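Commentary on secondary and tertiary structure
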Amino acid sequence: MSMVKERSGVQKIAPYQAARSLESVKREFGLDQIIKLAGNENRLGCSSRVAGILEEQKSQFSFYPDSNCTVLRERLSSIHNVEPDHLVFGNGSFELIALIAHAYLETGEEAVIPDPSFGWYRNVTLQMNGKPVMVPLKEFAIDTDEILRLISGQTKIIWICNPNNPTGTVLKEEQLRDFIKKVPDHILVVLDEAYIDFVEEPYFDTTELIKQHKNVILLRTFSKLYGLASFRIGYGIGDPELIEKINKVRSPLSVSFPAQKAAEVSLEDEDFKKLVLDNNRKSLDLYYSELKRLGLDYVRSNGNFILIRTGADGEAVEKAFLQNGIIIRNASEFGLDGWIRVSVGTFEENKKVIRVMESFTQERKRQEES
Ligand SMILES: *Cc1c(COP(=O)(O)O)cnc(C)c1O
């Protein structure tokens, strides 16, 4: 046993459960093709311009990246109509979420976290010896009234995943605006907007919120719509005073040069974005009609994933999918027993998911009847 003691905050963190690797699933089930629909990654890949820019810029690979992300900063500043100093870049939103906790959360302070939601908010809170205050969802949506009720003298950060992962619900504009107005302005409200581009109905421009409220920060990522998850790049938008504190704790070179270039060209590829959003819309519609036909419950999604009620033991469902070469997420890990979360795939992949669901459901019925 090692005599070296970790910080007390680290003791409370459960070891990170990585999704199963493609290789281990291939070996265990003797498959040569696997469809991974467990990480909400973009199954259409990324813009074809990415490969081109990397080839073109390869002579730069031996240099350290621009820590300021100057070109990307200028592009996003004009896209979002905010000054360049309102932006902070990170090694994916994962890093930005950790940095926000590192910059703002004191030992013993409370972070309010809807549950279930993105698991990393709780982890970073514990890292800082903060106190997670978990707030159950109400009908799969974030319960803003309950959050307001639980604000205490110790509350420092409120994490809002909008649309929420893993349920796919989005807050109505009025509800969100009203909630933010009611949060005292010494409490930081983080709006994690990883899936904002996938919202079903036209949504308002949330960057307005950071202009009206100096305690609000938005997080965006290139991992989902743009399909750049392996590059690790995301950004925050907020008041320069907030952004400055996050920059102080940021590792200066955390956003690689390839990631910056890939992001820059991806922003310009409107055709790819449209392709992804069209596929997402059609795919979700397919799920809605087919799940209805199968008599299975689901939550309407504003993300690139869907939460489905199988009613069966999550591990059994997970295994049935693995045997068919598909990795999905057993939602028991989010406290939703009997549910699975499936990322939107290509249209063909979604059809395969439905076929597996159909035969699993029929098999189960047969067993129940015999
Ligand atoms: C996928 C996801 C992210 C993105 O993380 P990156 O580190 O940018 O890849 C952030 N928040 C939520 C809720 C997500 O689901």
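Quick note: structure is the one above.
To start, this report covers the structure provided alongside it. (Residues numbered from 1 in each chain as written. Predicted model: local features only at pLDDT ≥ 70, side-chain atom pairs only at ≥ 80, totals over all residues. Heavy atoms only, no water.)

**Details of helix H14 (residues 347–369)**
- Across its 23 residues, H14 extends 33 Å between first and last C-alpha, which sits within 8% of the 33 Å expected from 1.5 Å per residue.
- Along H14, the positions that sit buried rather than exposed are Glu349, Asn350, Val353, Ile354, Val356, Met357, Phe360 and Thr361.
- Residues of H14 that are buried in the fold lie against strand S1 (35–36), helix H12 (270–294), helix H13 (314–323), strand S11 (326–327) and strand S13 (339–343). (Helix = DSSP H or I, 4+ residues; strand = E, 2+ residues; numbered from the N terminus. Expected span 1.5 Å × (residues − 1). Buried < 20%, exposed > 50% of the residue type's maximum accessible area, 1.4 Å probe, protein only. Contact = heavy atoms within 4.5 Å.)

**Overview of the nonpolar core**
- Counting residues in hydrophobic clusters, the biggest one holds 51 residues, and the most contacted among them are Leu72, Ile158, Ile160, Leu191 and Phe222.
- By residue number, the principal contributor to this core is helix H11 (residues 257–268), which donates 5 residues.
- Counting 25 residues, the second-largest nonpolar core is a separate cluster that includes Ile308, Val317, Ala320 and Ile340. (Core = buried A, V, L, I, M, F, W, Y, C linked by side-chain atoms within 4.5 Å.)

**What to know about the packing of helix H4 (residues 70–80) against H11**
- With their axes 9 Å apart at the nearest point, H4 and H11 run at an angle of 30 degrees to one another. Between H4 and H11, the interaxial angle falls into the category roughly parallel. Where H4 crosses over H11, the two elements pack in a sense that is left-handed. Contacts between H4 and H11 involve Val71, Leu72, Arg75, Leu76 and Ile79 from the former and Ala263, Glu264, Leu267 and Glu268 from the latter. (Axes fitted to C-alpha atoms, helices over the stretch in contact; angles between N-to-C directions. Parallel < 35°, antiparallel > 145°, perpendicular 65-115°, else oblique. Left-handed = near helix turned anticlockwise from the far one by under 90°.)

**Let's talk about the sheet that holds strand S12 (residues 329–330)**
- Taken together, the 4 strands give an open sheet; going across it, the order is S9-S10-S13-S12, and neighbouring strands pair in antiparallel fashion. Edge positions in the sheet fall to strand S9 (297–299) and S12, since each has one partner strand and no second.
- Pairing analysis gives 5 bridges linking strand S10 (residues 305–309) to S13, with the strands arranged antiparallel. Bridge assignment links Phe305 to a residue of S13, and that residue is Ser343.
- Lying on the sheet, H12 is in contact with S9, S10 and S13; it crosses S10 at an angle near 10 degrees. (Pairing = 2+ DSSP bridges.)

**Some points on the site of the ligand**
- In the neighbourhood of the ligand, 13 residues make up the surrounding shell, with Tyr195, Thr221, Ser223, Lys224 and Arg232 lying closest.
- Asp192 places a polar side-chain atom, nitrogen or oxygen, 2.7 Å from a nitrogen atom of the ligand.
- The separation between an oxygen atom of the ligand and a polar side-chain atom of Tyr195 is 2.6 Å.
- In isolation the ligand offers 390 Å² of accessible surface; the protein chains occlude 95% of this area.
- A class-by-class count of the residues in the shell around the ligand yields 5 nonpolar, 5 polar and 3 charged. (Near = heavy atom within 4 Å. Polar contact = N/O pair within 3.5 Å; in protein donor to acceptor, adjacent residues only side chain to side chain. Areas by Shrake-Rupley, 256 points an atom, 1.4 Å probe, with all protein chains shown as cover. Nonpolar A, V, L, I, M, F, W, Y, C, P; charged D, E, K, R; others polar.)

**Section: the packing of aromatic side chains**
- Enumeration according to the criterion identifies 12 aromatic pairs in this entry.
- With a centroid separation of 6.0 Å and an interplanar angle of 40 degrees, the aromatic rings of Phe89 and Tyr235 are classed as tilted. With Phe89 in strand S2 (residues 87–90) and Tyr235 in strand S8 (residues 234–238), this residue pair connects regions lying 146 residues apart in the sequence. You'll find Phe89 and Tyr235 in the same group, each marked buried.
- An angle of 15 degrees between the planes, with centres 4.9 Å apart, marks the rings of Tyr288 and Tyr298 as stacked. Taken together, the positions of Tyr288 in helix H12 and Tyr298 in strand S9 put the pair 10 residues apart, joining distant regions of the chain.
- By the ring-pair criterion, three or more aromatic residues cluster together here, those being Phe94, Phe118, Trp120, Tyr121 and Trp159.
- Residue placement shows Arg341 over the ring face of Phe305; its charged tip is 5.9 Å from the ring centre. (Phe/Tyr/Trp six-rings, centres within 6.5 Å; stacked < 30°, edge-to-face > 60°. Lys NZ or Arg CZ within 6 Å of the ring centre and 35° of its normal.)

**Quick look at H12**
- Counted at 1.5 Å a residue, the expected span for H12 with its 25 residues is 36 Å, and the 36 Å between its end C-alpha atoms agrees.
- Of the surrounding secondary structure, the elements contacted by the buried residues of H12 are H11, S9, S10, S13 and H14.

**With respect to the side chain of Asn279**
- Structurally, Asn279 can be placed in helix H12.
- For Asn279, a relative accessible area of 15% gives the class buried.
- For Asn279, the side chain forms a polar contact with the main-chain oxygen of Gly345, separated by 3.1 Å.

**Description of the pattern of salt bridges**
- The final tally for this structure, using the stated rule, is 26 salt bridges.
- We note a salt bridge from Lys182 to Asp178, for which the minimum N-O separation is 3.0 Å. Residue Lys182 and its partner Asp178 are both found in helix H8 (residues 173–182); the two are separated by 4 residues, about one turn of the helix.
- Assessed through its relative accessible area of 34%, Asp178 is described here as partly exposed. (Salt bridge = Lys/Arg side-chain N within 4 Å of Asp/Glu carboxyl O.)

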